Structures are given as C-alpha cells and as structure tokens.
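Fold and geometry: a report
The chain contents come next:
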Amino acid sequence: MNTNARNPEERRRTARVLVGATEAQLADLWRTWTDRPQIEYLRGPESGLVMVQGRIGGTGDRFHLGEATATRATVAVRSGSDEAVGSAYVLGSHPEHAALAAIFEGMLESAARDRVMAEVIEPLERGQSAHDHQKRREERATVVDFFTVARENDGFGPDEEEDE
C-alpha cells in the first residue's frame, strides 16, 4: 500500500487547488498525462445535498445556512504494485470534475506525487493566485470612500441649498 502520507495542511492545500480548478483544466491535464495509472471507481461520482453552515460575524456561533448540491467521487489509483485511494468533493453537480480531482488526489498519495505536484498542483495554484490577485485589484478600484464623498459634498444633497 502507500507510504507517501501527506500532512493535513498539504491535503487541504491540494484539495483546494483541485476543486478550485475548472473541469476543463483538469481534463486537459489528464488528457495529456503520460503513463496513466489504472483507475477503479470505488464510489461515484454521485451528486447529493450537503448542509452548509455559517458563523455569525465569521467567528461566532454556527447556524445552518441551507443546503447545497455537491458531487463526490472516490477512486483507487493503481500503477504496478503501487496503490492509493483519492477522494474529492466539489460544489455543484459536476461528476467529471469530481472524478478528475479524485484521480489526481489519489496520485498525490502514490509514487507519482512529485510529478503531480510539479505538473498539476503548482501550475494550477499559480494561475489561481494570479486570478485572485487580479480580481482583488479590480474590486479595490471600485471601492468608495464614503467619508471622502461626504466631505466633498460638504453635507448638501442635490435638492439642498446653503442658507445665506
């Protein structure tokens, strides 16, 4: 079996990257992957509902926000005598996305770990980081400083006139 156990922080990181990638990105990476391992579906992909929780103020008491559709898949990845299991959950009804994410997750638990990190996780992570940075820049450009707006208008609305 597998001796390439990853720490929980790395698992969260790689899972976030795989589910944050688009289905098309993962499909392209899988399509061009050489020396593909044998894949056996242990579960799914299958869609269902999950309960989404929120926190008051982001840190306070938990409350049930509602339900959301999620798709999960679990696969066994086999290459020679190496065998690993990968699982993935993606938000929405996206069976192919969940399946591909589970395959790469399983490969991260196998002898192919270093290759998957170099050719899949790190490039996707760089792209996602650049995309997030660009979105933050665009959002910052639309931020309104209401204190400055109030000072510039000197407290008068469009229908008000200064008393003389």
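From a predicted model like this one, the values you see are computed outputs, not experimental measurements.

Take the overall build of the protein chain next. Scanning the protein chain for helices and strands turns up five helices and three strands. Along its sequence from the N terminus, the protein chain presents helices and strands in the succession α-α-β-β-β-α-α-α. Look at the contacts in the protein chain between residues 6 or more apart in sequence, and 59% of them connect residues 24 or more apart. Carbon and sulfur atoms provide 49% of the accessible area of the protein chain, an area that totals close to 11200 Å².

In this section: a nonpolar patch on the surface. The grouping of Ile56, Phe63 and Leu65 at the surface amounts to a nonpolar patch, some 310 Å² of accessible area in total. Here isoleucine 56 lies in the loop between strand 1 (38–55) and strand 2 (62–79).

Let us now look at the confidence of the model for the protein chain. Confidence in the prediction of the protein chain, expressed as mean pLDDT, is 85, and 85% of residues score 70 or more. Mean pLDDT values for the elements of the protein chain range from 62 in helix 5 (residues 146–153) up to 95 in helix 3 (residues 95–108).

Attention now moves to the environment of valine 85. On the secondary structure map, valine 85 appears in strand 3 (residues 82–91). Residue classification places valine 85 among the partly exposed residues on the basis of a relative accessible area of 38%. For the pair formed by valine 85 and glutamate 109, sequence separation is 24 residues and the distance between their alpha carbons is 7.2 Å. The contact partners of valine 85, leaving out residues within four places of it in the chain, are Leu42, Thr74, Val75, Ala76, Gly106 and Glu109.

Helix 4 (residues 113–140) packs onto helix 2 (residues 23–31) with a crossing angle of 155 degrees between their chain directions and a minimal axis gap of 11 Å. The angle between helix 2 and helix 4 falls in the class roughly antiparallel. Once helix 2 is placed against helix 4, the crossing between them reads as right-handed. For the pair helix 2 and helix 4, the contacting residues are Gln25, Leu26 and Leu29 in the first and Glu119, Val120 and Leu124 in the second. For the contact of helix 2 with helix 4, the residue count by class is four nonpolar, one polar and one charged.

Attention shifts here to the nonpolar core. One finds Leu18, Leu26, Phe104, Met107, Val116, Val120 and Ile121 to be the most contacted residues of the largest nonpolar core, which totals 24 residues. Of all the secondary-structure elements, those providing two or more residues to this core are helix 1 (8–20), helix 2, strand 2, strand 3, helix 3 and helix 4. When residues of this core are assigned to their parent elements, the largest contribution, eight residues, is made by helix 3. Not counting residues within four places of it along the chain, the set of residues in contact with methionine 107 comprises Trp30, Trp33, Pro37, Val77, Ala112, Arg113 and Val116.

Okay, the side chain of aspartate 82 next. Structurally, aspartate 82 can be placed in strand 3. Buried within the structure, aspartate 82 lacks any salt-bridge partner; its nearest side chain of opposite charge belongs to arginine 78, at an N-O separation of 10 Å. Within the structure, aspartate 82 has its side chain in polar contact with the backbone nitrogen of alanine 111 (distance 2.7 Å). If we ignore the near neighbours within four places in the chain, the residues touching aspartate 82 are Val77, Ser110 and Ala111.

The rules behind the values
- Residues numbered from 1 in each chain as written.
- Predicted model: local features only at pLDDT ≥ 70, side-chain atom pairs only at ≥ 80, totals over all residues.
- Heavy atoms only, no water.
- Helix = DSSP H or I, 4+ residues; strand = E, 2+ residues; numbered from the N terminus.
- Contact = heavy atoms within 4.5 Å.
- Areas by Shrake-Rupley, 256 points an atom, 1.4 Å probe, with all protein chains shown as cover.
- Patch = residues over 30% accessible without salt bridge, like charges linked within 9 Å, V, L, I, M, F, W, Y side chains within 5 Å.
- Salt bridge = Lys/Arg side-chain N within 4 Å of Asp/Glu carboxyl O.
- pLDDT = per-residue confidence, 0-100.
- Buried < 20%, exposed > 50% of the residue type's maximum accessible area, 1.4 Å probe, protein only.
- Axes fitted to C-alpha atoms, helices over the stretch in contact; angles between N-to-C directions.
- Parallel < 35°, antiparallel > 145°, perpendicular 65-115°, else oblique.
- Left-handed = near helix turned anticlockwise from the far one by under 90°.
- Nonpolar A, V, L, I, M, F, W, Y, C, P; charged D, E, K, R; others polar.
- Core = buried A, V, L, I, M, F, W, Y, C linked by side-chain atoms within 4.5 Å.
- Lys, Arg positive; Asp, Glu negative; His and termini not counted.
- Polar contact = N/O pair within 3.5 Å; in protein donor to acceptor, adjacent residues only side chain to side chain.

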